[in-house]
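# Structural features, examined
So the chains spell out like this:
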Amino acid sequence: MAVSSVMKQIKMKRRLREEEKASGISPEPSEVEIAAEELIELLRSRDDDDKVVEEKRKEIYVAEVGKAVEMRQLSMETLAESRKRKSESKDGEKPKRRVSTTGSETIAYLQKKSDVDMIPNLRGRN
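## Brief notes about the overall build of the chain
Tallying secondary structure elements over the chain gives four helices and zero strands in all. Within the chain, buried positions represent 6% of all 126 residues.

## A few points about helix α2 (residues 31-76)
A turn of α-helix holds 3.6 residues, and therefore any two residues three or four places apart point the same way. Compared with an ideal rise of 1.5 Å per residue, which puts 46 residues at 68 Å, α2 spans 67 Å between its outermost C-alpha atoms and is within 8% of the ideal. Residues Glu33, Ile40, Leu43 and Asp47 constitute the buried set of α2.

## Some thoughts on the pattern of salt bridges
Enumeration according to the criterion identifies six salt bridges in this entry. The shortest N-O distance in the salt bridge between Asp50 and Arg46 comes to 3.9 Å. Taken together, the residues span about one helical turn, with Asp50 and Arg46 both in helix α2 at a distance of four residues. Residue Asp50 is classed as partly exposed on the basis of its relative accessible area of 43%. When its relative accessible area of 45% is taken as the criterion, Arg46 is described as partly exposed. Residue Lys113 is joined to Asp117 by a salt bridge in which the shortest nitrogen-to-oxygen separation is 4.0 Å. Of this pair, Lys113 and Asp117 both sit in helix α4 (residues 103-125), four residues apart, which is roughly one turn of the helix.

## Overview of a positive patch on the surface
On the surface, a cluster of positive charge is contributed by Lys8, Lys11, Lys13, Arg14, Arg17 and Lys21. Looking at the element boundaries, Lys11 is found in helix α1 (residues 3-23).

## With respect to the side chain of Glu33
When you line up the elements, Glu33 lands in helix α2. A relative accessible area of 6% means that Glu33 is categorised as buried. Only 2.7 Å separates the side chain of Glu33 from the side chain of Arg15, close enough to count as a polar contact. Setting aside residues up to four positions removed in sequence, Glu33 forms contacts with Met12, Arg15, Leu16 and Glu28.

## Describing a nonpolar patch on the surface
Residues Tyr61, Val62, Val65 and Val69 make up a contiguous nonpolar surface patch of about 370 Å² in total accessible area. You can see Tyr61 is positioned in helix α2. Classification of Tyr61 as exposed rests on a relative accessible area of 55%.

## Some remarks on the confidence of the model for the chain
Taken over all residues, the pLDDT of the chain has a mean of 79, while the share at 70 or more is 77%. Within the chain, the element-level pLDDT minimum falls on helix α3 (residues 79-91), averaging 73, and the maximum on α2, averaging 90.

Procedures and definitions
- Residues numbered from 1 in each chain as written.
- Predicted model: local features only at pLDDT ≥ 70, side-chain atom pairs only at ≥ 80, totals over all residues.
- Heavy atoms only, no water.
- Helix = DSSP H or I, 4+ residues; strand = E, 2+ residues; numbered from the N terminus.
- Buried < 20%, exposed > 50% of the residue type's maximum accessible area, 1.4 Å probe, protein only.
- Expected span 1.5 Å × (residues − 1).
- Salt bridge = Lys/Arg side-chain N within 4 Å of Asp/Glu carboxyl O.
- Patch = residues over 30% accessible without salt bridge, like charges linked within 9 Å, V, L, I, M, F, W, Y side chains within 5 Å.
- Areas by Shrake-Rupley, 256 points an atom, 1.4 Å probe, with all protein chains shown as cover.
- Lys, Arg positive; Asp, Glu negative; His and termini not counted.
- Charge placed at Lys NZ, Arg CZ, Asp CG, Glu CD.
- Polar contact = N/O pair within 3.5 Å; in protein donor to acceptor, adjacent residues only side chain to side chain.
- Contact = heavy atoms within 4.5 Å.
- pLDDT = per-residue confidence, 0-100.

Right, here's the structure in full:
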């Protein structure tokens with residue numbers, strides 16, 4: 001509420017108390033006083049509405065900050081972590097690890113293949 005409206009309200013209440021003490025009876029509020037009270041109530045209700053709007057803005061801001069933090073974490077993941085997270089979410093189970101082959105396994109395979117290929121050639125010569 002604006003400071004000027006608070007000061008006007010205080011002055012109006014003080015004047016009403018002084019009138020009541022001076023005459024001993026409760027004075028009838030004038031049209032101006034009634035309008036001032038209505039205006040003060042309108043200002044109070046507007047302030048309450050502003051508080052509600054501000055609380056909603058805070059909630060939205062907190063939600064946006066949470067989304068931003070989550071997005072930042074996702075962007076900072078390594079490629080391996082991303083693949084792991086995606087594969088776990090699809091199947092619900094951990095993916096099987098790929099076994100990297102060494103050079104000796106490749107050479108062993110090629111030797112077996114060459115042996116198998118040589119057998120038909122040897123039979124054809126005899």
